[in-house]
Amino acid sequence: MPLHLYNTVIQQLKQQKHELQVQTKAEQQRALISDNFSQTVLSNLSCGVLVFGSNGLVKTANPAAKAILGFASATGMGADDIFRGALVNSGHSTLTGDSEGSISNGSEPVCLADEIRSVLQEHSKRRQVEAEYETPAGEKRSIAVTISAIPSPDQSLLGVACLINDLSELERIRRHQELQGEISAEMALQLRTSLATISGYAQQLANSRDPEMTMQLASDIAHEASQLNRSIGGFLTAQPAAHAASAGSSLD
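Before going into details, it helps to say that this report is about the structure given with it. Along each chain, residue indices are assigned from 1 in the same order as the chain's sequence is written. Where totals are concerned, whole chains, interfaces and linings use all residues; where local detail is concerned, this predicted model gives features only for residues with pLDDT of at least 70, and gives and counts side-chain atom pairs only at 80 or more. Hydrogens and water are ignored here; the side-chain numbers use all heavy atoms of the structure.

### Looking at the pattern of salt bridges
In step 1: Any Lys or Arg side-chain nitrogen found within 4 Å of a carboxyl oxygen on Asp or Glu counts as a salt bridge. With the rule as written, the count across this model stands at 4 salt bridges.
In step 2: A salt bridge links Arg141 to Glu139, with the nearest nitrogen and oxygen atoms 2.6 Å apart.
In step 3: Through salt bridges with shared partners, a single network forms among Asp80, Asp114 and Arg117.

In structure tokens:
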């Protein structure tokens, strides 16, 4: 009986060991699949993703983040090293939820790195900010950053995730539209002035009985009309070129 019981126990232990090995292998496989899935998603996102650990150093940076920020590798870098004094735009800092941390009120410039530290060290809630950023190569970009805490199951802080969008193209389009609006307003003013001038010449011409004055007024009307035609023609020609350049830049 003791030998029989001993063999039974041994078989049960072997069976448990086998089941544990199968379970461990399955969990490892699931973890590998989950990690590969996360890496694939991050790699194909058009927006940048930076993940700072609890020590304030970057643990993960997807390709879009490296391209937007201009770094070949950001792993192991701190917020100060990456953003290098980039200031949050006044009026573009939003705090979601209650927080014990300081909030930018727009009265004093706030560094983007300080906003990240506020979430990381003071456990502030999510922040949404816009900032003017310059890459290490000197390229200036407008970026929008959403800074969110990463909590653990026990609610301690594991780190901070930063979602980064490049607003440079949108800003360029906005400025282009403003410039086009100014040009259009200037053209409208010039058109009204020229039409008023031509109208004045025409009234004088209608009332004139002097042949010499009539010829002069007709010449002035022709000259003003020619100038107006050149101005309008140049404006209309420039519009398709400007739209084509804008479309080409957007495609790039």
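### Describing the environment of Asn55
In step 1: Working definition: helices are DSSP H or I runs of at least four residues, strands are E runs of at least two. Numbering for both runs from the N terminus. Considering the arrangement of structural elements, one finds Asn55 in the loop between β1 (48-53) and β2 (58-61).
In step 2: A polar atom in the side chain of Asn55 sits 3.1 Å from the backbone nitrogen of Leu57. Whenever two N or O atoms come within 3.5 Å, that pair is a polar contact, provided that in protein one can donate a hydrogen and the other can accept it, and provided that, for residues adjacent in sequence, both atoms are side-chain atoms.

### Some remarks on the nonpolar core
In step 1: What we call a nonpolar core is a set of buried Ala, Val, Leu, Ile, Met, Phe, Trp, Tyr and Cys residues that are connected through their side-chain atoms within 4.5 Å. Per-residue accessibility, obtained with a 1.4 Å probe over protein chains only, is compared with the maximum for each type, and a residue is labelled buried under 20%, exposed over 50%, and partly exposed between these values. Judged by nonpolar contacts, the single largest core of 30 residues is most densely connected at Leu50, Phe52, Ile82, Phe83, Leu112, Ile143 and Ile147.
In step 2: Of all the secondary-structure elements, those providing two or more residues to this core are β1, β2, α2 (63-69), α3 (79-83), α4 (112-122), β4 (127-134), β5 (140-151) and β6 (157-166).
In step 3: Element by element, the count of residues in this core is highest for α4, at 5 residues.

### Topic: the packing of aromatic side chains
In step 1: For this analysis, a ring pair means two rings from Phe, Tyr or Trp (six-membered ring only for Trp) whose centres lie within 6.5 Å, classed as stacked if their planes differ by under 30 degrees, edge-to-face if by over 60, and tilted for the remaining angles. Considering all chains together, one arrives at 1 aromatic pair under this definition.
In step 2: Look at Phe83 and Tyr133: their rings are 6.2 Å apart centre to centre, the planes differ by 75°, and that puts the pair in the edge-to-face class. Here Phe83, found in helix α3, pairs with Tyr133, found in strand β4; they are 50 residues apart in sequence, far enough to count as distant.

### With respect to the pairing of β2
In step 1: A pair of strands is considered paired only if DSSP assigns at least 2 bridges between the two. Two strands pair when backbone bridges link them, and β1 and β2 are joined in this way by 3 bridges, in the antiparallel orientation. Note on β2: the bridge partner recorded for Phe52 is Val58.
In step 2: Hairpin connection between β1 and β2: a loop of 4 residues separates the two successive antiparallel strands, and Gly56 in this loop has a positive phi of roughly 85°.

### Digging into unusual backbone geometry
Negative phi is the rule for most residues except glycine; trans is the rule for most peptide bonds.
In step 1: Positioned with a positive phi, Arg84 is a non-glycine residue whose angle comes to about 45°.
In step 2: Tracing the chain through its elements places Arg84 in the loop between α3 and β3 (88-95).

### Some thoughts on α4
In step 1: For α4, the complete set of buried residues consists of Leu112, Ala113, Glu115, Ile116, Ser118, Val119 and Leu120.
In step 2: In the stretch just after α4, His123 is the one whose phi turns positive, near 55°.

### Comments concerning the environment of Ala144
In step 1: Here Ala144 is to be found in strand β5.
In step 2: Since its relative accessible area comes to 17%, Ala144 is described here as buried.
In step 3: The spacing of Ala144 and Ser168 is 24 residues in sequence and 9.8 Å in space, taken between C-alpha atoms.
In step 4: Residue contacts for Ala144: discarding those within four places in its chain leaves Val129, Glu130, Leu163, Ile164, Asn165 and Leu167. Contact between two residues is taken to exist if any of their heavy atoms lie within 4.5 Å; hydrogens are not considered.

### Thoughts on the pairing of β4
In step 1: Residue alternation in β4 divides its side chains into a buried set, Arg127, Val129, Ala131 and Tyr133, and an unburied set, Gln128, Glu130, Glu132 and Glu134.
In step 2: With 8 bridges connecting them, β4 and β5 associate as antiparallel partners. Bridge pairing links Arg127 to Ile147 in β5.
In step 3: The loop that links β4 with its antiparallel partner β5 comprises 5 residues; one of these, Gly138, has a positive phi angle of about 95°.

### Description of the side chain of Asn62
In step 1: Its place among the elements puts Asn62 in the loop between β2 and α2.
In step 2: Here the side chain of Asn62 touches Cys47 through a polar contact of 3.1 Å, landing on its backbone oxygen.

### Some details on the side chain of Ser194
In step 1: Take Ser194: it is sitting in helix α5 (residues 168-207).
In step 2: Note on Ser194: relative accessible area 6%, which makes it buried.
In step 3: A polar side-chain atom of Ser194 sits 3.0 Å from a polar atom in the side chain of Glu224.
In step 4: For Ser194, the contacting residues outside a window of four places in its chain are Glu224 and Leu228.

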